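This is what each chain is made of:
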Amino acid sequence: MPLNRLALTDFRSYADVLLAPGPGFVVLTGENGAGKTNILEAVSLLAPGRGLRRAVLSEMARDGGAGGFAVAARLGDVDLGTGTVSEAPERRLVRVNGAQAAASALAEWLSILWLTPAMDRLFTEGAGGRRRFLDRLVLALHPGHAVHTTRYDAAMRARNKLLAEATRPDADWLAALEAQMAEHGIAVAEARSDTVAALAASIADAPESVFARAGLALEGWQPQDREAFARELAEGRARDAAVTRTLAGPHRSDLQVMHLGKAQAAERCSTGEQKALLLGIVLAHADLVAGRMMRRPILLLDEVAAHLDPSRRAALFERLALAGGQVWMTGTEDALFDAIPESSSRFKIMAGRII
């Protein structure tokens, strides 16, 4: 189900703007710095997490505004909203049909995936970025994943603090925190494992195309059962206290990606090949979500068309059109999108305004 209304108030470069996009392609064009990515970021906040830039909330409020911001959208007959108020600029508020809700509740209504130029470094930088990318994929298939990751991280931070600050930490308190980590950590690990296996199978079974085929695997810490994980944490208290961090758990796993056509690790591929691998993963995942969850995720593709040659660009548009779903794309030139249907929603952006 597509977004059919998006309203921004005091968000980034926008004082007040309203868009009424249709289904299918939504194209935003304008010069660099006009505010195209700001709109994609606003849409990305309609899912759990920190959005496609991972910015702190106070940075999203418009300079010269009232101090907070609001992003409101309509999805069919459902109203979704998020934002902040000036009195608490770092506290995120979420509403569903006017009622206050947790950010994790947004995953029950829609799935959102994105590709941005900053993600070009995904395969060459640290494992944390790849875990966040994977968790976004997992969330579309397992809506409760955000709750498990949040509670696991909170319990781990509390355990790390207790081990670091207490000369003789309370064993019962540690055991309770480790039980929470085991409960939520195993759920996190199992959801990741299911998603990687399903996505790898989907890619392997897909017909040949112009997009690179990725092989996926999880490396590092592997899931056990709750009791075994809790026991591993208990036995590792002295070691973890010495290094002031937890050395076992799903936060130590890593997503490994191979270019199947070249039998080469993604980090050793060219920048263009890495971008093609990412694009192939996202497209295959959108198909997987549509088949399993009976809803196609909204795709946010920032400047993706500019980095594809004409044949691959045409192939991308054709595949997206055949798949259906709402796809938001940005670009500096209208000509980049000549191959998409005339019925697509098109918006020209200039200096924080829709013209």
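Predicted model, so just to flag it, every value in this text is computed and none were measured.

### A short note on the pairing of strand β13 (residues 327–331)
Here comes step 1: Burial of β13 is extensive: five of the five residues sit out of reach of the surface.
Here comes step 2: Burial along β13 is two-sided: the residues V327, M329 and G331 and W328 and T330 are all buried.
Here comes step 3: Pairing analysis gives five bridges linking strand β3 (residues 25–29) to β13, with the strands arranged parallel. Bridge assignment links F25 to a residue of β13, and that residue is V327.
Here comes step 4: With three bridges connecting them, strand β12 (residues 298–301) and β13 associate as parallel partners. Bridge pairing in β13 places L301 opposite M329.
Here comes step 5: Between β12 and its parallel partner β13, the chain crosses via helix α9 (residues 310–323), and the hand of that crossover is right-handed.

### Some details on the pattern of salt bridges
Here comes step 1: Applying the stated rule across the entire model yields 18 salt bridges.
Here comes step 2: Residue D135 pairs with R192 through a salt bridge whose shortest N-O separation is 2.9 Å. Of this pair, D135 sits in helix α3 (residues 127–141) while R192 sits in helix α5 (residues 171–205), placing them 57 residues apart in sequence. For the pair shown, D135 and R192 are each scored as buried.
Here comes step 3: Shared partners join several salt bridges into a network, and the residues in it are R159, E178, R237, R239 and D240.

### What to know about the pairing of strand β5 (residues 78–85)
Here comes step 1: The element β5 is extensively covered by neighbouring structure, given that six of its eight residues are classed as buried.
Here comes step 2: The turn linking β5 back onto strand β6 (residues 88–96) is made up of two residues.

### Points about the UniProt feature "binding site: ATP" (unreviewed entry) in the protein
Here comes step 1: Feature annotation in UniProt places "binding site: ATP" (unreviewed entry) on G30, E31, N32, G33, A34, G35, K36 and T37, given in this structure's numbering.
Here comes step 2: The residue E31 is located in the loop between β3 and α1 (36–44) in this model.
Here comes step 3: Under the relative-accessibility criterion, N32 is labelled exposed at 66%.
Here comes step 4: Every residue in contact with N32, bar those within four places of it in the chain, is listed here: E303 and T332.

Criteria and cut-off values
Just so you know, the residues in each chain are numbered from 1, in the order the chain's sequence is written. Residue-level local features of this predicted model are given only where pLDDT is at least 70; pairs of side-chain atoms are given and counted only at 80 or more, and the full residue set underlies all totals for whole chains, interfaces and linings. Side-chain numbers here rest on the full set of heavy atoms in the structure, without hydrogens or water. Buried, partly exposed and exposed residues are distinguished by accessible area as a fraction of the type maximum, computed with a 1.4 Å probe on protein chains only: under 20%, between the cut-offs, and over 50%, respectively. The helix and strand labels rest on DSSP assignments: H or I over at least four residues marks a helix, E over at least two residues marks a strand, and numbering proceeds from the N terminus. A pair of strands is labelled paired if DSSP reports no fewer than 2 bridges between them. A right-handed crossover is one whose linking path, passing over the helix from the first strand to the second, runs clockwise when the strands point away from the viewer. We count a salt bridge whenever a side-chain nitrogen from Lys or Arg sits within 4 Å of a carboxyl oxygen from Asp or Glu. UniProt positions are given in the numbering used here, feature names are shortened, and annotations may be inferred rather than shown by experiment. Only heavy atoms matter for contacts: two residues are in contact if any of them lie within 4.5 Å across the pair.

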